[in-house]
Amino acid sequence: MVFYLANMETDSIKQLQQELRKFAGDRDWDQFHTIKNLILALTGEVGELAEVFQWLNDSEIKNLSAANRIQAEQELADVLLYLIRLSDKLDIDLVKAAKAKLEINAKKYPVAEAKGNATKYNRR
């Protein structure tokens, strides 16, 4: 997995950060975009994403209706945008952090022990 992130565009994230910063600035919303408020907003958006799938069975999820797909897409975008805004406020490079976390997870879950096994690393 680390290979895939190695090719991830940090510039795309940075561009979105700049666009979000301008978007919030143009609306004088920076005053509301505290770390706490962004975390709470992010949590709310994750809840809205969960609502898309909440009462669907596996077959319905596999064959999402056009309306549910659009809603899922919009909620995923909201989650991403709040993550990017939060990372900007915290001055955290999301791509760098994700790459580092994948390296940590690769050590916690070596293929030989984790393949086909959903058991958490500290419970094996």
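Residues numbered from 1 in each chain as written. Predicted model: local features only at pLDDT ≥ 70, side-chain atom pairs only at ≥ 80, totals over all residues. Heavy atoms only, no water.

K.L.:
Explanation requested: the overall build of the chain in the structure shown.
P.N.:
Summing up its helical and strand segments, the chain has seven helices and zero strands in all. Mapped in sequence order, the helices and strands of the chain form the string α-α-α-α-α-α-α. In summary, the chain has a C-alpha radius of gyration of 18 Å against a globular reference of 14 Å for 124 residues, an excess of more than 25%. With respect to the three principal axes, the spread of C-alpha positions in the chain is 50 × 35 × 25 Å. Total accessible area on the chain stands at roughly 9,400 Å², and carbon and sulfur atoms take up 57% of it. Each charge class in the chain can be summarised by its mean position, and for the 18 positive and 19 negative side chains these summaries are 9 Å apart. (Helix = DSSP H or I, 4+ residues; strand = E, 2+ residues; numbered from the N terminus. Rg over C-alpha atoms; globule rule 2.2 N^0.38 Å. Areas by Shrake-Rupley, 256 points an atom, 1.4 Å probe, with all protein chains shown as cover. Lys, Arg positive; Asp, Glu negative; His and termini not counted. Charge placed at Lys NZ, Arg CZ, Asp CG, Glu CD.)

K.L.:
How do you make sense of the side chain of Q17 when you look at a structure like this?
P.N.:
As for its placement among the helices and strands, Q17 is situated in helix α2 (residues 10-26). Beyond its immediate stretch of four places on either side in the chain, Q17 contacts I84, S87, D88 and I92. (Contact = heavy atoms within 4.5 Å.)

K.L.:
Whenever I open this one, the pattern of salt bridges confuses me. Can you help?
P.N.:
Any two side chains of opposite charge can pair if their charged atoms end up close together. Taken as a whole, this structure holds five salt bridges when the rule is applied. Among the ionic pairs, R85 bridges to D30, the shortest N-O distance being 2.6 Å. Of this pair, R85 sits in helix α5 (residues 66-90) while D30 sits in the loop between α2 and α3 (35-53), and the two are 55 residues apart along the sequence. Taking the relative accessible area as the measure of exposure, R85 reaches 4% and is therefore buried. You can call D30 partly exposed: its relative accessible area is 39%. Here K89 and D30 are joined by a salt bridge, their closest N and O atoms 2.8 Å apart. (Salt bridge = Lys/Arg side-chain N within 4 Å of Asp/Glu carboxyl O. Buried < 20%, exposed > 50% of the residue type's maximum accessible area, 1.4 Å probe, protein only.)

K.L.:
Help me understand the side chain of N68 in this model?
P.N.:
In this structure, N68 sits in helix α5. Accessibility expressed as a relative area gives 18% for N68, which makes it buried. Apart from residues no more than four positions distant in its own chain, N68 is found in contact with V52 and L56.

K.L.:
Which parts of the structure should I look at to understand a nonpolar patch on the surface?
P.N.:
Taken together, the side chains of I35, I39, L90 and I92 make up a nonpolar region of the molecular surface, amounting to roughly 300 Å² of accessible area. Among the secondary structure elements, L90 is positioned in helix α5. (Patch = residues over 30% accessible without salt bridge, like charges linked within 9 Å, V, L, I, M, F, W, Y side chains within 5 Å.)

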